[in-house]
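# Summary of the model geometry
What follows is each chain in one-letter form.
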Amino acid sequence: MTHVDVHSVTDELVSGIRSYAPDAKTAPIEKAFAYLTEIGSPLDHPAQVARILAEMKVDVTTITAGLLHDAAVKGNSGSLDEIEKRFGKDVRFLVNSTARIAGMGFAVGEVTQLENFRKMLLAMSKDIRVVMIRFADHLQTLRDPSGITRDETVRAANETLDIYAPLANRLGMGWLRLQFEDLAFMHLFPTEYDELVEKVAVRQKDQKSYIDGIIGAVRERLARQNINARIFGRVKHYYGIYQKLKRQNIPFEKVYDVTGLRIITGTEGECYAVLGVIHGLWMPVPGRLKDFIGTPKPNGYQSLQTTVIGPGGEKVEFQIRTEDMDRVAERGVAAHWRYKEKEPLSERDQSVFSSLREIIQGHKDITDSRDFLDSVKGDLFSHVVYVFTPQGDLKELPSGSCPIDFAYSVHSQVGNQCVGARVNGKIVPLRHELQNGDSVEVLTHPGHGPSRDWLKFVKTARAANRIRAWLRAEERTRSIELGAELLGRELRKNDLSPKLVRSDKMQDVAEHFSFKNVDDLLVSIGYGKFSAHQVINRISPEPVKEKALEKVEKPLPEKDKKGVQITGIDNVLYHFSKCCSPLPGDAIAGYVTRGKGVTIHTRDCQNLNLMSADMDRLIDVEWVASGDKTYPAPVVVNSKDKPGMLANISAALATAKVNVRQMSVVTRRDKTALFNFTLDVKDRAHLDMVMKKIAQVAGVISVSRARKF
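The rules behind the values
Residue positions are given per chain, counted from 1 along the sequence in the order it is written. Local features are withheld for residues below a pLDDT of 70 in this predicted model, meaning they are given only at 70 or higher, and side-chain atom pairs are given and counted only at 80 or more; totals for whole chains, interfaces and linings count all residues. Remark: hydrogens and water are excluded; side-chain values derive from all non-hydrogen atoms of the structure. The helix count covers DSSP runs of H or I at least four residues long, the strand count covers runs of E at least two residues long, and both are numbered beginning at the N terminus. Each residue's exposure class comes from its accessible area (1.4 Å probe, protein chains only) as a fraction of the maximum for that residue type: buried when under 20%, exposed when over 50%, partly exposed otherwise. For this analysis, residues touch if any pair of their heavy atoms sits within 4.5 Å. Accessible surface is estimated by sampling points in the Shrake-Rupley manner with a 1.4 Å probe; for residues, cover comes only from the protein chains shown. Inter-axis angles, ranging from 0 to 180 degrees, are taken between N-to-C directions of lines fitted to C-alpha atoms, where helices are fitted over the stretch in contact. To sort the angles, those under 35 degrees are grouped as roughly parallel, those over 145 as roughly antiparallel, those from 65 to 115 as roughly perpendicular, and the leftovers as oblique. Crossing handedness: left-handed means the near helix sits turned counterclockwise from the far one by under a right angle, and right-handed means the same turn made clockwise. Gly is placed with the polar residues, together with every amino acid not listed as nonpolar (Ala, Val, Leu, Ile, Met, Phe, Trp, Tyr, Cys and Pro) or charged (Asp, Glu, Lys and Arg). Each patch is built from salt-bridge-free residues with over 30% relative accessible area, joining like charges within 9 Å and nonpolar side chains (Val, Leu, Ile, Met, Phe, Trp, Tyr) within 5 Å. Put simply, a salt bridge is a Lys or Arg side-chain nitrogen that is within 4 Å of an Asp or Glu carboxyl oxygen. In this count, Lys and Arg are taken as positive residues and Asp and Glu as negative ones, while His and the chain termini are left out. To locate a charge, take atom NZ for lysine, CZ for arginine, CG for aspartate or CD for glutamate. A pair of strands counts as paired when DSSP detects no fewer than two bridges linking them. pLDDT measures how confident the predictor is about each residue, on a scale from 0 to 100. Aromatic rings from Phe, Tyr and Trp, with only the six-membered ring used for Trp, were paired whenever their centres fell within 6.5 Å, and each pair was classed as stacked if the ring planes differed by under 30 degrees, edge-to-face if by over 60, and tilted otherwise.

This part covers the overall build of the protein. When you go through the protein residue by residue, the secondary structure sums to 25 helices and 21 strands. Split into buried and exposed, the 709 residues of the protein put 48% on the buried side. Sequence-distant contacts, at least 24 apart, represent 65% of the contacts inside the protein between residues at least 6 apart. By element, 49% of the accessible surface of the protein is carried by carbon and sulfur atoms, the whole surface being about 34,600 Å².

Dropping the structure here:
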């Protein structure tokens, strides 16, 4: 609208508000229009945004902020202080938060769009009304993009499909998602959109008698059972049809389910009765029945959804729900809004936002906007499965999630200490893919920690972030210990006391080399980024010549020949790392430790990857024949805790003709046991054979090679 009749629009808004909040104090609406006129701000767009917000049935404060949302954005003379003075702190907060999100408009560049998305989600986690205003503002821009260029319109449409539509869907706002997608489709592919609108209109006309026949058959059966219901057809939104055409690579003529049917009943019991009637009339399509009444989605969505083979063999989709369920299904979080003049939302109403806040707050420490987007989208916008805790609480997880994802959704400590899981009462592997309706119990052990391998199959960003955080902390701890050991050896070699490692003098040395503290210095030494020799030169009154590789003047004793050849060098001291315990058959590499020789790691060892920044200290090594030489191989066995388990495992080891160098066992309350073996094996193939024999023992749940990284 080009010219706004303020009185007419005000009356319309007030009338709309009073339809759902009869006692609302609407004076701020009139004051907001007066203020915008006073500062010379355009009224067209804000008035339309306010109308959309009124359709969402939000409170006067939110609608007022929606009217004023541009007042602090586009260089108008109105200030936030003045807005607070006239309209209060809540309006100021909402206007400021919305301005921070939209302040850059549709600026070119991925970084800007990602940062806007980040700001919106973080603001939403504090107050859901911020995203409601942003939704209304964005929707009106798509409806009437006359104030922006074609390039800006295209960018806005792409943002819609990437961010706004999925977020509206996640918030349960079905009508808004459909409008977002169809408007974006119209702007991005205008020709395809116009063609599809025309084809759907023709199909609707042709199918009218078909749909009327189905509705008539259902009404007749429902009347026999004295069930009152509203039944109507609904055309699927254009973007959804377009996506199906692209996904299945079929022409429009091959799409038969353009129209679906919705049935609105009075009670939950009648919903199930209607389902029975429909399945009595036509054969249901296997796997297409979804009961979101018995198991509602966390955003409150409830409905029965089924697809049947209707007359003529065509598939027909039905949605069955009560009036209240329909309201929630269409309006999502907005349906949970209760207008209150001063009181906060009730605990019940706040609960609908809690899972969203938890997800968003769980990612707020990610500083890179691209990482933040990828991380949050994985949790917010993916298809989901619904699983239960042993207490019956519902958890929503991305499709493909495993018990580790579930464990971290309960608590970080539960995830960190997870050693196994029961799904529906049965022990399953940790990479087991959870299904809708599964009941999941996590098995934990206090001394256990996450494995880097978990990152290969967890789905939730929360789990991945917590695993990485734990690994970083552990890597730092190990690096401090390794750095202290290397520095202590260097000190002893130069007739200096190892106690200097934790002395005030070492703090001075750390600060001299621009480290904050001694631990940071030791981490750098442990990572191989800094040399202990440099520390000695700082402490010692006379510079000490650094030794790169310690060679052996005499040939190595036979007992030290362990089947590894250092490329191009003979008689060099070397040893095998304890973090990865390499075996013949593993891909290996050597790392030069000054004054100590060469440490042999597996190529996939995380510690080797951490130290590989200093490429000059990595050298090629290879296995050579070593006769009957054996190597220590740590193995972890997870089993049921029952009499005879140790004896049976020992018998399997004896059959494999392997020596047990060391063994320990921990039993747990859940009737499982954790065995830690160190076995003497010839090579990787030998270890694999031994592990297979152990896995065949009755009661063994899992067998894995233990690594300390």
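Moving on, we get to unusual backbone geometry. Of note in the backbone geometry, Ser 514 takes a positive phi value of approximately 70° without being a glycine. Turning to its location among the elements, Ser 514 is positioned in the loop between α20 (504-512) and α21 (518-527). Positive phi, close to 45°, is recorded for Ser 581, a residue that is not glycine. With respect to the helices and strands, the residue Ser 581 is situated in the loop between β13 (574-576) and β14 (588-593). In this structure Ser 581 comes out as buried when scored by relative accessible area, which is 11%.

What follows covers the packing of helix α1 (residues 6-20) against helix α2 (residues 27-38). At a minimum axis separation of 10 Å, α1 and α2 run at an interaxial angle of 155°. Between α1 and α2, the angle is such that the two are roughly antiparallel. Where α1 crosses over α2, the handedness of that crossing is right-handed. Each of Val 6, Val 9, Thr 10, Leu 13 and Ile 17 in α1 lies in contact with α2, whose residues at this interface are Ile 29, Glu 30 and Phe 33. Looking at the contact of α1 with α2, its residues break down into 6 nonpolar, 1 polar and 1 charged.

Another aspect to go through is a negative patch on the surface. On the surface, Glu 192, Asp 194, Glu 195 and Glu 198 cluster together to form a negatively charged patch. Relative to the elements of secondary structure, Glu 192 occurs in helix α11 (residues 190-224).

Another point: the sheet that holds strand β19 (residues 659-667). Each strand in a sheet pairs with its neighbour through backbone hydrogen bonds, running either in the same direction (parallel) or in the opposite one (antiparallel). With antiparallel pairing, the 4 strands of this open sheet are ordered in space as β19-β20-β18-β21. Strands at the two margins of the open sheet, each flanked by one partner only, are β19 and β21 (700-705). For this sheet, the mean inter-axis angle between neighbouring strands, taken without regard to orientation, is 20°. Taken together, the 5 bridges between strand β18 (residues 631-640) and β21 define a ladder with antiparallel strand orientation. Opposite Asn 638, over in β21, you have Ser 702 as the bridge partner. Relative to strand β20 (residues 672-681), helix α24 (residues 645-655) is tilted by about 20°, and along the sheet it contacts β18, β19, β20 and β21.

Attention now moves to the confidence of the model for the protein. Mean pLDDT for the protein: 80, with 80% of residues reaching 70 or above. At the low end of the mean pLDDT range in the protein sits helix α15 (residues 347-361), at 53; at the high end sits helix α13 (residues 268-281), at 94. Of the regions scoring below 50 in pLDDT, residues 103-109 engages in 16 contacts with residues more than four places distant in sequence or in other chains. pLDDT under 50 marks residues 544-561. Its contacts with residues more than four places away, or in other chains, come to 39 contacts.

This part covers the sheet that holds strand β10 (residues 426-428). As summarised here, the arrangement of the 3 strands in space is β10-β9-β11, forming an open sheet in which the pairing is antiparallel. Here the strands that pair on one side only, and so sit at the sheet edges, are β10 and β11 (440-444). If you compare each strand with its neighbour and ignore which way they point, the axes differ by 35° on average. Sheet topology note: the strand β9 (residues 418-423)/β11 ladder contains 5 bridges and is antiparallel. Bridge pairing in β11 links Arg 422 to Glu 441. Strands β9, β10 and β11 of the sheet are contacted by helix α17 (residues 403-410), whose axis makes an angle of about 80° with β11.

Alignment of strand β7 (residues 384-388) against strand β8 (residues 394-398), held across 5 bridges, turns out to be antiparallel. Across the sheet, Val 384 pairs through a bridge with Pro 398, a residue of β8.

The next point concerns the packing of aromatic side chains. The final tally for this structure, using the stated rule, is 16 aromatic pairs. For the pair Tyr 239 and Tyr 242, a centre-to-centre distance of 6.4 Å together with 35° between the ring planes defines the contact as tilted. Within this pair, Tyr 239 and its partner Tyr 242 are both found in helix α12 (residues 238-248), separated by 3 residues, close to a single helical turn. Taken as a pair, Tyr 239 and Tyr 242 share a single burial class, namely buried. Both rings, one in Phe 576 and one in Tyr 631, keep their centres 5.8 Å apart while their planes meet at 90°; by these two values the pair is edge-to-face. Remark: Tyr 631 occurs in strand β18 and Phe 576 occurs in strand β13; sequence separation between them is 55 residues. In this pair, the class of Phe 576 matches that of Tyr 631, namely buried. Through successive ring pairs, a cluster of aromatic residues spans Phe 185, Phe 189, Tyr 193, Tyr 238, Tyr 239 and Tyr 242.

Our focus in this paragraph is a nonpolar patch on the surface. On the surface, a cluster of nonpolar side chains totalling about 270 Å² of accessible area is made up of Leu 646, Val 660, Met 663 and Val 665. Among the elements that make up the nonpolar patch, the one with the highest residue count is β19 (3 residues). On the secondary structure map, Met 663 appears in strand β19. A residue is classified by how much of its surface remains accessible, and Met 663, at 34% relative accessible area, is partly exposed.

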